[in-house]
Amino acid sequence: AQKITQTQPGMFVQEKEAVTLDCTYDTSDPSYGLFWYKQPSSGEMIFLIYQGSYDQQNATEGRYSLNFQKARKSANLVISASQLGDSAMYFCAMRSADRGSTLGRLYFGRGTQLTVWP
Amino acid sequence: DGGITQSPKYLFRKEGQNVTLSCEQNLNHDAMYWYRQDPGQGLRLIYYSQIVNDFQKGDIAEGYSVSREKKESFPLTVTSAQKNPTAFYLCASSPLGQLNTGELFFGEGSRLTVL
């Protein structure tokens, strides 16, 4: 069963505007972690932000924030004040310890291609 | 600088040949991973290792093999048994332990094309 779902294959946003990238997840493990990675056209994976399942507050890192709604099992990424350099593929991922998976094994969604236009 | 080095960055192979992708890390991480990325598929786990001389199959291990003789190194061999090996391969590492989030640190990837 798919553990991470990203329903937006592509998103477009104008420079300086905010954009939300959707992510829903599925796990029965009470302890899990949620990640967002950015992948520019060069292919490297850049870690953006992390949210633990027991964290009371939404995670923030500069212009990135994670809108964590535990009951809805969603972990949307919000990018404020978009920049041209934000154009990239964005992946949501989850670390889950169920089914004997090791700490650190991540399950990835299929990604959302974000394009920022001037 | 600490990081993960993958080589080669680009690799071409004829059908029926085995190829080995190199992954070296100097982050002193215990765990290492190999992911495969295809367009529209996200990242899929091939193999992972938590300790030297031990490794486990991921979701798509068929046609691949790995070794973990040193903590720093986790090479991936794409064998001729892999039916569709053309893809982008990413190596990653992470520290283990309760205090760690499980974040993965990635190399820059290797793009394999079968001719």
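Residues numbered from 1 in each chain as written. Chains lettered and ligands numbered in written order. Predicted model: local features only at pLDDT ≥ 70, side-chain atom pairs only at ≥ 80, totals over all residues. Heavy atoms only, no water.

Let us now look at the packing of aromatic side chains. In the structure shown here, the tally under the stated rule is 14 aromatic pairs over all chains. Taking the centre distance of 5.1 Å and the plane angle of 50° together, the rings of Tyr25(A) and Tyr32(A) count as tilted. The same class applies to Tyr25(A) as to Tyr32(A), namely buried. Three or more aromatic residues joined by ring pairs make a cluster, and in this case those are Phe35(A), Tyr37(A), Phe47(A), Tyr50(A), Phe91(A), Phe108(A), Tyr35(B) and Phe106(B). Lying over the aromatic face of Tyr107(A), Lys3(A) brings its terminal NZ or CZ to 4.9 Å of the ring centre. (Phe/Tyr/Trp six-rings, centres within 6.5 Å; stacked < 30°, edge-to-face > 60°. Buried < 20%, exposed > 50% of the residue type's maximum accessible area, 1.4 Å probe, protein only. Lys NZ or Arg CZ within 6 Å of the ring centre and 35° of its normal.)

Let us look at the state of the cysteines. Residues and elements named next belong to chain B. Across all of its chains, the model carries 2 disulfides over all chains by this definition. The disulfide that involves cysteine 23 links it to cysteine 91, with 1.9 Å between the sulfurs. The disulfide joining cysteine 23 to cysteine 91 has a torsion of about -75° about its S-S bond and is therefore left-handed. Separated by 68 residues along the polypeptide, cysteine 23 in strand β3 (residues 19-25) and cysteine 91 in strand β9 (residues 87-94) bring together distant segments of the chain. In terms of burial, cysteine 23 and cysteine 91 fall into one category: buried. (Disulfide = S-S within 2.5 Å. Helix = DSSP H or I, 4+ residues; strand = E, 2+ residues; numbered from the N terminus.)

This next bit is on the pattern of salt bridges. All names here are of chain B. All chains considered together, the criterion is met by 5 salt bridges over all chains. Put simply, arginine 36 and aspartate 38 hold a salt bridge, and the shortest N to O gap is 2.8 Å. Each member of the pair, arginine 36 as well as aspartate 38, is classed as buried. (Salt bridge = Lys/Arg side-chain N within 4 Å of Asp/Glu carboxyl O.)

Quick look at unusual backbone geometry now. A cis amide bond, omega -10°, links Ser7(B) with the succeeding residue Pro8(B). Although it is not a glycine, Ala81(A) adopts a positive phi angle of roughly 50°. For Ala81(A), the position within the fold is in the loop between β9 (74-79) and β10 (88-96). The class for Ala81(A) is partly exposed, based on a relative accessible area of 37%. Not every positive phi belongs to a glycine, and Asn28(B) is a case in point at roughly 60°.

Opposite the 24 residues of chain B that make contact, chain A presents 19 residues. For the pair chain B and chain A, the summed buried area comes to about 1800 Å², and 55% of that belongs to carbon and sulfur atoms. At the boundary of chain B and chain A, one finds 0 salt bridges. Linking chain B to chain A there are 3 residue pairs in polar contact (both at pLDDT 80 or more). Breaking the side of chain B that touches chain A down by element, the ones donating at least two residues are β4 (31-38), β5 (42-51) and β9 of chain B. Of the residues belonging to the side of chain B that touches chain A, the class tally is 10 nonpolar, 11 polar and 3 charged. (Contact = heavy atoms within 4.5 Å. Buried area = accessible area lost by both parts, 1.4 Å probe. Polar contact = N/O pair within 3.5 Å; in protein donor to acceptor, adjacent residues only side chain to side chain. Nonpolar A, V, L, I, M, F, W, Y, C, P; charged D, E, K, R; others polar.)

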